[in-house]
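Listed here are the chains, written in short residue letters.
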Amino acid sequence: MASDFRWKCVLLLLCTYLLCILATDQNKPKKKKDIRDYNDADMARLLEQWEEDDDIEEGDLPEHKRSPPPIDFAKVDPSKPEELLKMSKKGKTLMVFATVSGDPTEKETEEITGLWQGSLFNANYDIQRFVVGSNRAIFMLRDGSLAWEVKDFLVGQQRCADVTVEGQVFPGAAAKKQDDGEHKQQSEGNAKKKSKRKTESKKPDLEGNSASHLKHEL
């Protein structure tokens, strides 16, 4: 009997020891994964957790997650579709493309468009600029509704060939100047042709007069 009791006590102590070990393992914090070992799925889960845990303000959300501003169609003039475009782009990033005239180098384009950006910045436009070619630059606006005001400024610059907003191309001052020069040259050419024709029509018909004179003498 004493032996059986002794064995029961040993088994009870062993079971108690095992239960204590299991409880300790469950209470241990899980080892966190090193952020350097995170893959795309881990980063996506982490971002979702942050968004769930924190109340993110509307302005801090990524642009594609922001709710679009309401459009008051009562204030939209149907005869001016540009006004509707402006309202639909409010608060959204928009790019304006500008071309510099005169076959410039990339350095010249950098200098010229830099002056344009400086003027816009002084007029309180939040705008970024990227030169993307020897004669082309992108002006990026955080508030797309201002793109058409920027376009109006750019097309008035002497070295601006054209400006593109939302796929629509607007001729700049340089293009208008070139068109005026070509039109003037064409007008001068037409005027010269008319003058030449008029001069030729006024030339005396010497052969006809000679034949008439001989006939009269006979």
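Anything mentioned here points back to the structure above.
The notes below deal with the structure included here. (Residues numbered from 1 in each chain as written. Predicted model: local features only at pLDDT ≥ 70, side-chain atom pairs only at ≥ 80, totals over all residues. Heavy atoms only, no water.)

**Comments concerning the sheet that holds strand S5 (residues 168-171)**
Piece 1. The antiparallel open sheet is built from 5 strands, whose spatial order is S2-S3-S1-S4-S5. Strands with a single pairing partner mark the edges of an open sheet, and in this sheet they are strand S2 (127-131) and S5. Here the strands of the sheet are splayed against their neighbours by 25° on average, with no regard to which way each runs.
Piece 2. Seen against the sheet, helix H4 (residues 106-122) touches strand S1 (94-100), S2, strand S3 (136-141) and strand S4 (160-165) and runs at an angle of roughly 175° to S2.
Piece 3. Contacting S1, S2, S3, S4 and S5, helix H5 (residues 147-154) crosses the sheet at an angle of about 170° to S4. (Pairing = 2+ DSSP bridges. Helix = DSSP H or I, 4+ residues; strand = E, 2+ residues; numbered from the N terminus. Axes fitted to C-alpha atoms, helices over the stretch in contact; angles between N-to-C directions. Contact = heavy atoms within 4.5 Å.)

**Here's the deal with the side chain of Thr109**
Piece 1. Position of Thr109 among the secondary structure elements: in helix H4.
Piece 2. Judged by its relative accessible area of 0%, Thr109 is buried. (Buried < 20%, exposed > 50% of the residue type's maximum accessible area, 1.4 Å probe, protein only.)

**A word on the pattern of salt bridges**
Piece 1. For the structure shown, the criterion picks out 6 salt bridges.
Piece 2. Among the ionic pairs, Glu110 bridges to Arg129, the shortest N-O distance being 2.9 Å. One end of the pair, Glu110, is in helix H4; the other, Arg129, is in strand S2, and 19 residues separate them in sequence.
Piece 3. In this structure, Asp152 and Lys151 form a salt bridge, with 2.9 Å as the shortest nitrogen-oxygen distance.
Piece 4. Its relative accessible area of 47% is what places Asp152 among the partly exposed residues. (Salt bridge = Lys/Arg side-chain N within 4 Å of Asp/Glu carboxyl O.)

**Comments concerning the pairing of S4**
Piece 1. The buried count for S4 comes to 5 of 6 residues, which makes it a mostly enclosed element.
Piece 2. Relative to S4, S1 runs antiparallel, the two being bridged by 5 bridges. Pairing of Ala98 across the sheet is with Val163, part of S4.
Piece 3. Bridge count for S4 against S5 is 4 bridges, and the pairing is antiparallel. Residue Thr164 lies in a different strand from S5, and its bridge partner there is Val169.
Piece 4. Count of turn residues in the S4/S5 antiparallel hairpin: 2 residues, of which Glu166 carries a positive phi of about 55°.

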